[in-house]
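Observations on the three-dimensional arrangement
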Amino acid sequence: MKVFIDGKYYDERQAKISVFDHGLLYGDGIFEGIRAYNGRVFKLKEHLDRLFWSAKALLLKIPMSHAALTAAVVETCRRNDVRDGYIRLLVTRGVGTLGLNPNRCKKPSIIIIAGTIQLYPRSFYEKGMEIVTVPTARNLHSALNPAIKSLNYLNNILAKIEANIAGVEEAIMLNAEGYVAECTGDNLFILKAGQLLTPPLSAGALYGITRGTVIELAREAGIPVSEANLTRYDVFNADECFLTGTGAEIVPVVKVDGRVIGSGRPGTVTRRLEENYHALTQVSGEPI
Ligand code: PMP
């Protein structure tokens, strides 16, 4: 595997960054997880837009343009023969001193890894998955806004640990007010009386690229979609529930905190959106 670091390609074993990089010392940096399907990088523009928005919020100056990053992502896929795979793009604050002052970091670093992804087991897609709500609340947007896709994922990792302890692979995180924010690495949707509902960004959700695509696909299919504050009660009483994410794509949820959702099987609207999503991944994106 060839890894892109600051304009050069390194063999996997030589692909290293400094121990003084504030990405490591403080989690000071940002990232994107991107998929390639059928020889195209899916939704690359949207991922790069979000990367630049995260950077802006952190006053982190990405030392490459949008166009140059597009070319670098595509080239990294080419050099690794990735036609269907997963791309991890990171921008770290760069090498600095042991203090946390980001002004002492002279140049942010850009890393691009193009490889494969480990997906949820097939059975989750066939039969639906079970999730729980965990005690760790999602970060307050007034403290560390979940819209920033930063290298500091400890909030999500704590929730993931709680999910693991409960014997499931994903978990609902509530915000400080008790409304559903999102899951540890996925956004959440419910279907109620023919309407698709998903928490707004102000509830503490990431502006998920898959979330955005699903909203578009639903509207095209004539399914009304709204952003709404959801309680656990709303989720328990949903007709259908599913999660979205670049890695997960669309995964049906059939049990939440021991409550069976809808019929207990993946719903028909979920299935239809899954089909439309997969069809879209095969025909759109930045050619590799
Ligand atoms: N929420 C969180 C916390 C995430 O890390 C992710 C990405 N894995 C998502 C939602 C889904 O976002 P996307 O569809 O852009 O992958």
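To start, this report covers the structure provided alongside it. Everything numeric here is computed off the predicted structure, so don't read it as measured data.

1. Some remarks on the site of the ligand
The local shell around the ligand holds 17 residues, among which Tyr153, Glu182, Ile209, Thr210 and Thr246 are the closest. A distance of 2.7 Å separates an oxygen atom of the ligand from a polar atom in the backbone of Ile209. Relative to its unbound accessible surface of 390 Å², the ligand loses 92% to contact with the protein. Those elements giving two or more residues to the shell around the ligand turn out to be helix H6 (209-220) and strand E13 (240-245). Class assignment of the residues belonging to the shell around the ligand gives a composition of three nonpolar, nine polar and five charged.

2. Points about the pattern of salt bridges
In the structure shown here, the tally under the stated rule is 12 salt bridges. Here Asp49 ties to Lys45 by a salt bridge, and the two come within 2.6 Å at their closest N and O atoms. Separated by four residues within a single helix, Asp49 and Lys45 lie in helix H2 (residues 44-57), roughly one turn from each other. The residue Arg122 makes a salt bridge to Glu126 at a minimum N-O spacing of 3.1 Å. In this pair, Arg122 and Glu126 are both assigned in helix H4 (residues 122-127), four residues apart and thus about one turn of the helix distant. Taken together, the shared-partner salt bridges connect Glu75, Arg78 and Arg79 into one network.

3. A word on the packing of H2 against helix H3 (residues 66-79)
Put simply, H2 and H3 touch, their axes get as near as 11 Å, and they point 125° apart. With respect to each other, H2 and H3 are oriented oblique. Between H2 and H3 the crossing geometry is right-handed. For the pair H2 and H3, contact is made by Leu44, Lys45, Leu48, Asp49, Leu51 and Phe52 and by His66, Leu69, Thr70 and Val73, respectively. The class makeup of the residues in the contact of H2 with H3 is six nonpolar, two polar and two charged.

4. Quick look at the packing of aromatic side chains
Taken as a whole and assessed by the stated rule, the structure comprises seven aromatic pairs. Aromatic pair Phe42 and Tyr277: ring centres 5.7 Å apart, planes at 85°, arrangement edge-to-face. Of this pair, Phe42 sits in the loop between strand E4 (40-41) and H2 while Tyr277 sits in helix H8 (residues 268-283), and the two are 235 residues apart along the sequence. Taken individually, Phe42 and Tyr277 each receive the classification buried, so the pair is uniform in this respect. Following the ring pairs from residue to residue traces out a cluster consisting of Tyr37, Phe42 and Tyr277. Above the face of the Tyr9 ring, Arg79 is positioned so that its terminal group lies 4.0 Å from the ring centre.

Analysis parameters
As a convention, each chain's residues are numbered from 1 in the sequence order in which they are written. Per-residue local features are limited, in this predicted model, to residues with pLDDT of at least 70; the limit for side-chain atom pairs, both in listing and counting, is 80 or more; totals at the level of whole chains, interfaces and linings are taken over all residues. Excluded from the side-chain calculations are hydrogens and water; all other atoms, namely the structure's heavy atoms, are used. Residues are labelled near a given molecule or strand when at least one of their non-hydrogen atoms is within 4 Å of it. The definition of a polar contact used here is a pair of N or O atoms within 3.5 Å, where within protein one atom must be able to donate a hydrogen and the other to accept one, and adjacent residues in sequence count solely through side-chain atom pairs. Per-residue and other accessible areas were derived by the Shrake-Rupley procedure at a 1.4 Å probe size, with only the shown protein chains allowed to occlude residues. Numbering goes from the N terminus for both helices and strands, where a helix is a DSSP run of H or I of at least four residues and a strand is a run of E of at least two. Under the scheme applied here, ten amino acids are nonpolar (Ala, Val, Leu, Ile, Met, Phe, Trp, Tyr, Cys and Pro), four are charged (Asp, Glu, Lys and Arg), and all others, including Gly, are polar. Salt bridges, as used here, are contacts in which a Lys or Arg side-chain nitrogen is within 4 Å of a carboxyl oxygen on Asp or Glu. Where helices are involved, their axes are fitted lines through C-alpha atoms of the stretch in contact, as for all axes, and angles between N-to-C directions lie from 0 to 180°. An angle counts as roughly parallel when it lies under 35 degrees, as roughly antiparallel when it exceeds 145, as roughly perpendicular when it falls between 65 and 115, and as oblique in every other case. For a crossing to be left-handed, the near helix must be turned anticlockwise from the far one by less than a right angle; the clockwise case is right-handed. Any two residues having at least one pair of non-hydrogen atoms within 4.5 Å are treated as being in contact. Aromatic pairing here means that ring centres of Phe, Tyr or Trp (its six-membered ring) are within 6.5 Å. Orientation follows from the plane angle: under 30 degrees is stacked, over 60 is edge-to-face, and everything else is tilted. For every residue, the accessible area obtained with a 1.4 Å probe (protein chains only) is divided by the maximum for its type, and the residue is called buried under 20%, exposed over 50%, and partly exposed between those limits. For a lysine, the NZ atom is tested; for an arginine, the CZ atom; a charge sits over a ring if that atom is within 6 Å of the ring centre and within 35 degrees of the ring normal.

None of the figures reported here should be taken as evidence of function without further support.
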